[in-house]
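Structural characterization, general
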Amino acid sequence: MQDWLIHPVVQGALLPFLAGLVASALLAPLRLAGLAAVAGFATAVYLVVGFEFSPMTTIRKVMLLGLIAPVLGVAADFAFKPKRAMAPLVAVASGALSVWVFLAVLTQKELADALLIGGGIAAYVAWQVGFTLSLHEDSVRAGAAGLALGMGTGVAAVFAASATLGLYAMALGSASGAFLLVQMLTGRRILAGIAFTLTTGLLAGLLGATTYHLAQLPWYVLAVMAPVPLLARLPIPAKWPVWGQAVALSGATLTVSAVACYLVWLSSRGISE
Amino acid sequence: MKQIVAGLAFMLLPSAGVASPESYTFDPRHTFVHFGVDHNDFSTIWGRFDRSSGKFTIDRQAKTGTLEVVVETASVSTGDGVRGDRPRSRDEHLRSPDFFNSAEFPRMLYKASTVKFNGEVPVELQGQLTLLGVSRPVTLAVDRWKCAPHAVTKRMICGGNATGALKRSEYGMKWGIPATGDDVKILVTFEAIKD
Amino acid sequence: MMRRIIIGAMIAAIPFAAPAQVENYTIDPIHSFVNFSVDHLGFTTIYGRFDKSSGKATLDRGAKKASIEVSVDTASVSTGDNDKGARARSRDEHLRSADFFNTAEFPRMTFKSTAATFNGDNLAELDGQVTLLGVTKPLTLKLERWKCGAHPFNKKEMCGGVATGKVKRTDFGMKYAVPAIGDEISLMIGFEAYKD
């Protein structure tokens, strides 16, 4: 049992997928299925390093935000009527928050570098949060975005020398996949909400930025991951069955992720630098 | 007579102020922190940190001493530093957030303020290791110690070996346990030049 | 009649006699390193390793026989000082020069075993010949650690361990700076090998 639990595929994909599945299935009637994303992420964190927040390292700040986001998301889903300005505002706030996350590493750099890198990271996180958040009312599009953002960031991170970050991101992707699967099997949509989209957008953005800044992810791979939430908005005929929509949208978003992963793989072989 | 007595008394006074603390700087080309860790229960993987710097003070009369060593975590070297066809080499993996996270924690610091002596020879150092932002007590046993003038430069050198052990999980470095061991054996080989 | 029964029984028993089953192994270069240590001026020990080596081994558990052949790339010597900075040369460069390993002329150091001693099922000792700087001398390696089994993740059959030994470098003609830099070299070899 011990041997099985330390296997990376179990930690990063299998158990997070199951956690996402259980969360989606059981919490859907309560309109809380969006918590599937954090369920998957938290499962991986628990298995890989456990919940420890001291000292507060960069990755632990990401973990903390990943756990707070769904709580804020549930509050937002139930308490507010989201306005159109919400997504951009939260996006900007997330960008600012990312500077806090990376402060320890940014302050070690020359001012010019710190501003450039900090600005780039803030922009990437803001982008992913903003465009993923705007999918909060369409659970199939949200799921397709989460799946590709998670799996793409995760596989890229493994190639970029950090298996820990890779497992966290793949857990997000696996749980999103489970979220989609439940809808595909029942033929009915379940609420994704801000709980799901804020968590996936913020975590995918932060994990990608962490892999760039602390491991060996080339910056342009983040640029290639940017279109993922946009592709999740591809026009799809509404009369298609849920599973058909899920497959089509996931196919589109995963294609972008595959390109990103291929680029990391190439760069790690020293071919495209 | 008074002068003779005064002179004798003066000669008998303990030589206070003569043995003051001496301070030494580690020679970076002959001082290395080595470590060994179990691999999959089959073999031991050894490694070292190529770059470190530090100083120590020693007062053999008062039997006290202090030590401060800074190790550059990015200089970790285990013989597999060239990735070739793979996504990363072992040394690159060790620098990543999975292990030393050297982009965020470029330095590891060991500070000792308690030294145990056996006569004039230091035999144990008790101090704190700060790794990945976590500080924990680490004791090093001094297995070898010799102070003498360097055969060529004639400068005073103290050199030796010190050993210790730690559990990397206590510093938050949990990746790969137990496949890559939690228990890490430390060996420090050093030479220091008197300031 | 009795003789026939006995002969028949012996013939029938042949398949059950431990057949000589020779397994072939290839050394995993990323998890196998020759480490060495040498005294420096009587003050401290300098440790080093060879980053590149390759080798093959055979193991016959039934007959309790083993053999190994290892080739070490001498230019891959690494002692932590490889950047000369403002100096004429770094320590590693000096080690590669004719004063020590003379790697341009002798790019390889080899060890070929001649006999193996087992302690029960475990390999305990390997006797063999080491060739360095063109000189061949005997060397006995003691196995401090030995284990054969399946790799926990990829499940491939493998054997691994740690072997130790000592050589005198002057035996091979490497006399530079003895005794300031010690004559006796301690070897510490960590290795892992996969079954072919």
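One can find the structure itself at the top, above this paragraph.
Here we summarise the structure given alongside this text. (Residues numbered from 1 in each chain as written. Chains lettered and ligands numbered in written order. Predicted model: local features only at pLDDT ≥ 70, side-chain atom pairs only at ≥ 80, totals over all residues.)

The subject of this paragraph is the overall build of chain B. Check the secondary structure of chain B and you find two helices and 11 strands. At 21 Å, chain B has a C-alpha radius of gyration far larger than the 16 Å of a compact globule built from 195 residues. A principal-axis box enclosing the C-alpha atoms of chain B has dimensions of 90 × 35 × 30 Å. Considering chain B as a whole, with its 195 residues, one finds that 41% of them fall into the buried category. In chain B, the proportion of contacts linking residues at least 24 apart, taken out of those at least 6 apart, comes to 51%. (Helix = DSSP H or I, 4+ residues; strand = E, 2+ residues; numbered from the N terminus. Rg over C-alpha atoms; globule rule 2.2 N^0.38 Å. Buried ≥ 20, exposed ≤ 12 C-beta atoms within 10 Å, placed from the backbone. Contact = placed C-beta atoms within 7 Å.)

The next point concerns the overall build of chain A. Within chain A, the regular secondary structure consists of 13 helices and zero strands. Along the chain direction, N to C, the helices and strands of chain A fall in the order α-α-α-α-α-α-α-α-α-α-α-α-α. In summary, chain A has a C-alpha radius of gyration of 17 Å against a globular reference of 19 Å for 273 residues, a match within 12%. Overall, chain A is about 55 × 50 × 40 Å in size when its C-alpha atoms are taken along their principal axes. The buried share of chain A, reckoned over its 273 residues, is 57%. Taking contacts inside chain A between residues at least 6 apart in sequence as the whole, the part at least 24 apart equals 82%.

Interfaces are often described in size by the accessible area the parts lose on coming together. The interface is formed by 29 residues belonging to chain B together with 30 residues belonging to chain C. Those elements that provide at least two residues to the side of chain B that touches chain C are strand S2 (32-39), strand S3 (43-49), strand S9 (134-149), strand S10 (156-167) and strand S11 (180-194) of chain B. Across the side of chain B that touches chain C, the residue classes tally to eight nonpolar, 12 polar and nine charged. (Nonpolar A, V, L, I, M, F, W, Y, C, P; charged D, E, K, R; others polar.)

What follows is about unusual backbone geometry. That bond from isoleucine 177 of chain B to proline 178 of chain B is cis: its omega, 5 degrees, falls within 30 degrees of zero. Along the chain, the position of proline 178 of chain B falls in the loop between S10 and S11. Across the junction of valine 178 of chain C and proline 179 of chain C, the peptide omega takes the value 0 degrees, indicating a cis bond. Along the chain, proline 179 of chain C falls in the loop between strand S10 (157-168) and strand S11 (184-195). Even without being glycine, lysine 154 of chain B reaches a positive phi, approximately 70 degrees. Since 8 C-beta atoms lie within 10 Å of it, lysine 154 of chain B is described here as exposed. Although it is not a glycine, leucine 133 of chain C sits at a positive phi angle of roughly 55 degrees.

Moving on, we come to the interface of chain A and chain B. Of the residues lining the interface, 21 residues belong to chain A; the matching set on chain B comes to 17 residues. Broken down by secondary-structure element, the contributors of at least two residues to the side of chain A that touches chain B are helix H4 (58-79), helix H6 (103-106), helix H9 (163-186), helix H10 (193-214) and helix H13 (242-268) of chain A. Ranked by residues supplied to the side of chain A that touches chain B, first place goes to H9 of chain A with three residues. Residues belonging to the side of chain A that touches chain B are distributed by class as follows: 12 nonpolar, seven polar and two charged.

This part takes up the pairing of strand S1 (residues 22-26) of chain B. Residue and element names in this part refer to chain B. Pairing analysis gives four bridges linking S1 to strand S4 (residues 52-59), with the strands arranged antiparallel. Looking at the pairing, glutamate 22 lines up with isoleucine 58 of S4. With three bridges connecting them, S1 and S11 associate as antiparallel partners. Opposite threonine 25, over in S11, you have isoleucine 193 as the bridge partner. (Pairing = 2+ DSSP bridges.)

Right, let's talk about the packing of helix H8 (residues 139-159) of chain A against H9 of chain A for a bit. All names here are of chain A. Where H8 contacts H9, the two axes come as close as 7 Å, and the packing angle between them is 155 degrees. With respect to their mutual orientation, H8 and H9 come out roughly antiparallel. As for the relative orientation of H8 and H9, their crossing is left-handed in sense. Its residues assigned to classes, the contact of H8 with H9 shows 15 nonpolar, 11 polar and no charged. (Axes fitted to C-alpha atoms, helices over the stretch in contact; angles between N-to-C directions. Parallel < 35°, antiparallel > 145°, perpendicular 65-115°, else oblique. Left-handed = near helix turned anticlockwise from the far one by under 90°.)

Before going further, it helps to spend a moment on the environment of glycine 208 of chain A. All names here are of chain A. Looking at the secondary structure, you find glycine 208 in helix H10. Judged by local crowding, glycine 208 falls into the buried class, with 29 C-beta atoms found within 10 Å. Between the C-alpha atom of glycine 208 and that of lysine 81, which follows or precedes it by 127 residues, the distance is 30 Å.

What follows covers the packing of helix H3 (residues 36-48) of chain A against H10 of chain A. To characterise two packed helices, one gives the angle between the axes of the helices and the distance between these axes. Residues and elements named next belong to chain A. With their axes 8 Å apart at the nearest point, H3 and H10 run at an angle of 40 degrees to one another. By the angle class used here, H3 and H10 are oblique. Of the residues in H10, those touching H3 at Ala36, Ala37, Val38 and Phe41 are Phe196, Thr199, Thr200 and Leu203. In terms of residue class, the contact of H3 with H10 is made up of six nonpolar, two polar and no charged.

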